[in-house]
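Okay, here's what each chain looks like letter by letter:
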Amino acid sequence: MTNQLNVPDIGDFEQVEIVEVIVKVGEKIKKNDPVVTLESDKSSVEVPSEIEGVVSNIKVKVGDKVSKGDLILEVNAEQKNDSEELQVKKEKIPKDTENLIIEAEKSIEKKETIVDTPIKIASEKYNLSKNGEDIDVTETKEWMDSLSAVLETDGSKRAQFLIKQLIEHSYKQGSDLVLSRNTPYINTISPDKEAKSPGDQNIERKIRSLIRWNAAAMVVRANKKFPELGGHIGTFASAATLYDVGMNHFWRAKNNKFGGDLIYFQGHSAPGMYARAFLEGRLNEKQLDKFRQEVKPGGLSSYPHPWLMPNFWQFPTVSMGIGPMLAIYQARFMKYLINRGLIKDQNRKVWAFIGDGETDEPESLGAIGLAAREKLDNLIFVVNCNLQRLDGPVRGNGKIIQELEGIFRGSGWNVIKVIWGSYWDQLLAKDKTGHLVKLMNETVDGEYQAYKARNGLYVREKFFGKYPETKELVSALSDKDIWRLNRGGHDPHKVYAAYDQASKNVGSPTVIIAKTIKGYGMGKTGESVNTTHQQKKMDTDDLMYYRDRFDVPLTDKQVQEIQYFRPDENSPEIKYLKERRLNLGGFIPERTTYAKPIKAPPKDIFDSLKESTGKKEMSTTMVFVRLLTNLLRDKNVAPRLVPIIPDEARTFGMEGFFKKIGIYAHEGQKYEPEDSEQLSSYREDKKGQVLEEGINEAGSMSSWIAAGTAYSNHDIEMIPIYLFYSMFGFQRTGDFNWAAGDSQSRGFLIGATSGRTTLAGEGLQHQDGHSHMLASTIPNCVSYDPTFSYELAVIFRDGLKRMHEKKENIFYYITTMNENYSHPEMPKDKNCEEGILKGMYKIREFNKFKKTKIQLIGSGAILREIIAGAEVLQNEYQIDSEVWSVTSFNELGRDGMETERYNLLNPDKKQKVSYVDKCLGKTEGPILAASDYMRSHSDRIRPYVKKSFYSLGTDGFGRSDTRENLRKFFEVDKKHIVTYALSILSKEQLIASKYAQEAIKKYNIETEKPFPSKL
Ligand SMILES: Cc1ncc(C[n+]2csc(CCOP(=O)(O)OP(=O)(O)O)c2C)c(N)n1
Ligand SMILES: [Mg+2]
């Protein structure tokens, strides 16, 4: 039987060109195998087969234009055994469906439904209820008693159900919704529900004390030696228990059986991690003494920086806000890898430690909605609420814990508040009148901070003294007892219980909001005072106090010398500490990678991109999409590609990927998309490959980093490719890009629709003339601005090879444009490929007149203007030229800089020649450079060419207009290039000045126009 395959619904397009016929006559094809590639003027998409069998006839060829319904090919279908098919169908139909339904219906009890009969709400009787006062205690008690009865007999779920019903009922009847963002200012987990730690509390306290001591000693010693080094003691002092409980009981390290939990440590708490590693025997005293002294190898970095300590730190966090966001996307990416079947589900967790002040950063909270939406129960935030940031209180007049609770609860997180330590349990149990909780609710953070900067008597008077009931509650306690009433974040029991519950929570992310004291234990100069954060020195008295407070076994003399303390290797403390970590699989933090490289695809996969496109015009963005389509056919590479798009797939012509490889959606697709019949249908899938991030560049960048570091965090090499409007790349997400470099992310950033004059109509905010300059600031970012498809193919393939096969810790920034033009065949010159990669190669030579010559060099969009200008110079002015395609001013600049440095430092040795000098040094005539970027971009190479050098660029704000007008405005069009060239040649006294004057007239060049950056 012969079946026909027609062109499916391709959306709004008619007469679309066939650019590739993928199958041959005689080939066996299966459903969904791609058969041809169609390309409109914006996007290219493969047509998958809807039929199976052997291709008998192909009705189309490359270059044909087709529309919906046109015949593509015919297939001889393999005959299926009819009875087999029938059997399959039969099996699908349950035998006694009818009976089953009848029986099921019978078994359903007739339920009584509650009907909301409208009622008339009474007008407010007293305004007393507005102040939260009780106007009818008896009535309140009746309601409370009813609820108590439900709690006692049916449990909390039923009670919650009833409360929800009541709220909804009240709302439907016209009353306002009860505002319930917050729970009272007490711990979420009641004492009877606390999981008990199996640890030896005594020994854990001792270990913790030693870590505290060594962390502080490390900072104080460094600053005694070199006061300029700085450092922080107060942050870790407040968080020591939060970290220790995790280290002793929860965080499982990576080893050959388990992928490891991933912990984002708060940047300023780094000294605590070094101090623990010291006790663990992973760092020695000499290394601790190198805290913040990293110029010589072996120093310890100020904060977590994988670039500086690549075997230790995993995640850069110190730029506040990026840690929390990166952690969310890390957890999401972990689920992505699991759902796509690329890693096993081992119930691994991502923990992120965040300062309460850090939550001011929009990035800290900006993505928490995503975490809840994606049900990231592998994610746990711990917000260390020491109530202070750098200058003073975080929310002096309010309560940061309550504020955060409301925000996280509202977003759908599981919230665990750890406010009060165990010493409070009894007091709270005795608080029958509720006055203690009322007091806790009323007191603001400024007061809470002040209490801990004073003493027990002050707390008795100012806090408990507020109500007779609370004063009475502590009447039997001494001031010392009152002072001992601890905060939840310093109580290992409470912290353990919270971590235990968080680890077991299913279906939502968890935030643990822990109350602590900044500078805990630092005494008068550093505890809970506004200046704690900057404290990097402690005088001898403070150190003595610190030692006594935590029972560190050091003599006075040892304290004066600020000695470190590490107990004997066989001491119970060291044994315990090591055993705990052994049980949890190894040490944390530790950065390793066992990922296998990905073999770069064979060259022929890109060969079609090295051919001329003939008359066909296309943009480099389209070329890139075609390149990706080809890559998806490579077995090694395809599953590892992670296309990341912030709601711009259609802008870049990538919508074809939706159906082909699917959009990742953890719940699959619960609806039939409106365009389900179309070739580019919006297909969401649990195994989907595309990360469609929505309008969220910071999130996209976070995903890109998670994927780009999967080789270390998940031992699997992934190839993230993030496409964005080039203006919304480095400029928008610069700090994440910097963190990507620090993290040693590998992958591609594609700045699409780039250039200040190439993206014509979008105006000032969209037109990028500086992203390459920003890219150049990141040392391990390799950037290119190619013009032609073969350049892009060569660069991309080399990137794949360098990063993913050879595992170089670099990442690529490549700009692509949306200007359509035809692309020439790759020059046959054997040095062309090397030149493309090094940054420049000669693309054309005009040599007819052999009188006067100029070197014209340009990149990206403006190279074509230069070539056109060279033609005019030749044809109309008899001026020869050599035209160079500069694929990367940045790479040329780096090479020049390095060469110059070597030569200056080695005056006695044979001087090296920079690549740019190799290319241009022996050429004839001055140099004119131009790009669609600011002049200083091409000026990067100016110091390394020993000839007269002039540059044109797009300095100034962008604006909307036609491409032609924009290039004229910024003076980078063909006419300006010709005019400037003539003027340069006259300035160099190679031709008479009249030619330039003539050109100025002929082309109506506005010589009096202000410099474009002033307009
Ligand atoms: C983006 C950014 N802005 C500013 C800083 C400077 N800075 C370092 S720590 C800090 C205060 C931190 O307070 P908090 O988050 O409450 O942490 P704590 O030390 O109290 O635990 C500030 C402003 C920074 N590291 N990153
Ligand atoms: Mg803080």
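This is a predicted model, so every value here is computed, not measured. (Residues numbered from 1 in each chain as written. Chains lettered and ligands numbered in written order. Predicted model: local features only at pLDDT ≥ 70, side-chain atom pairs only at ≥ 80, totals over all residues. Heavy atoms only, no water.)

A. Local environment of the pairing of strand 18 (residues 719-725). Burial within strand 18 is extensive, with seven of its seven residues counted as buried. Direction of pairing for strand 14 (residues 641-645) relative to strand 18: parallel, over a ladder of four bridges. By the bridge assignment, valine 642 is partnered in strand 18 with proline 720. Bridge analysis of strand 18 against strand 19 (residues 748-752) gives five bridges, and the strand direction is parallel. Bridging from a neighbouring strand, tyrosine 725 pairs with alanine 752 of strand 19. Crossover strand 18 to strand 19 through helix 27 (residues 730-743) is right-handed. (Buried < 20%, exposed > 50% of the residue type's maximum accessible area, 1.4 Å probe, protein only. Helix = DSSP H or I, 4+ residues; strand = E, 2+ residues; numbered from the N terminus. Pairing = 2+ DSSP bridges. Right-handed = clockwise from strand over helix to strand, strands pointing away.)

B. Inspection of helix 25 (residues 697-708) at higher detail. Across its 12 residues, helix 25 extends 16 Å between first and last C-alpha, which sits within 8% of the 16 Å expected from 1.5 Å per residue. Among the residues of helix 25, the N-terminal cap falls to asparagine 696, whose side-chain oxygen and the backbone nitrogen of alanine 698 are separated by 3.5 Å. (Expected span 1.5 Å × (residues − 1). Polar contact = N/O pair within 3.5 Å; in protein donor to acceptor, adjacent residues only side chain to side chain.)

C. Structural context of unusual backbone geometry. That bond from isoleucine 588 to proline 589 is cis: its omega, -5 degrees, falls within 30 degrees of zero. With respect to the element layout, proline 589 can be found in the loop between helix 22 (572-583) and helix 23 (620-631). Phi angles above zero are rare outside glycine, and asparagine 32 is one such case at about 75 degrees. Structurally, the position occupied by asparagine 32 is in the loop between strand 3 (28-29) and strand 4 (34-39). A positive phi angle, close to 50 degrees, is found at lysine 375, a residue other than glycine. Considering the arrangement of structural elements, one finds lysine 375 in the loop between helix 11 (368-373) and strand 11 (379-385). The exposure class of lysine 375 is partly exposed, given its relative accessible area of 37%.

D. View of the environment of glutamate 204. Inspection of the secondary structure assignment puts glutamate 204 in helix 5 (residues 201-225). For the pair glutamate 204 and isoleucine 416, spaced 212 residues apart in the sequence, the C-alpha separation amounts to 23 Å.

E. How the structure looks around the sheet that holds strand 20 (residues 781-784). Pairing within the open sheet is parallel, and its six strands lie in the order 17-14-18-19-21-20. With one partner strand each, in any of the chains shown, strand 17 (691-692) and strand 20 form the two edges of the open sheet. As defined by bridge partners, strand 14 adjoins strand 17 across two bridges and the pair is classed as parallel. Each bridged residue has a counterpart across the sheet, and for isoleucine 644 the counterpart in strand 17 is leucine 691. Packed onto the sheet, helix 29 (residues 789-805) meets strand 18, strand 19, strand 20 and strand 21 (811-815) and runs at close to 165 degrees relative to strand 21. (Contact = heavy atoms within 4.5 Å. Axes fitted to C-alpha atoms, helices over the stretch in contact; angles between N-to-C directions.)

F. Structural context of a negative patch on the surface. On the surface, Glu133, Asp134, Asp136, Glu139 and Glu142 cluster together to form a negatively charged patch. Here glutamate 133 shows up in the loop between helix 2 (97-107) and helix 3 (137-154). (Patch = residues over 30% accessible without salt bridge, like charges linked within 9 Å, V, L, I, M, F, W, Y side chains within 5 Å. Areas by Shrake-Rupley, 256 points an atom, 1.4 Å probe, with all protein chains shown as cover. Salt bridge = Lys/Arg side-chain N within 4 Å of Asp/Glu carboxyl O. Lys, Arg positive; Asp, Glu negative; His and termini not counted. Charge placed at Lys NZ, Arg CZ, Asp CG, Glu CD.)

G. Quick peek at the nonpolar core. In terms of nonpolar packing, the biggest core is built from 85 residues, with Ile721, Phe748 and Phe796 touching the most fellow members. No other element matches the eight residues that helix 29 contributes to this core. Ranked by size, the runner-up nonpolar core spans 81 residues in total, among them Leu337, Trp420, Ala740 and Tyr813. (Core = buried A, V, L, I, M, F, W, Y, C linked by side-chain atoms within 4.5 Å.)

H. Seen up close, the site of ligand 1. Taken together, 18 residues are adjacent to ligand 1, and Thr235, Asp356, Gly357, Glu358 and Lys518 come closest. Take asparagine 386: an N or O atom from its side chain is 3.0 Å from an oxygen atom of ligand 1. Coverage of ligand 1 by the protein chains reaches 76% of its 590 Å² of free accessible surface. A per-class count over the shell around ligand 1 returns three nonpolar, 10 polar and five charged. (Near = heavy atom within 4 Å. Nonpolar A, V, L, I, M, F, W, Y, C, P; charged D, E, K, R; others polar.)

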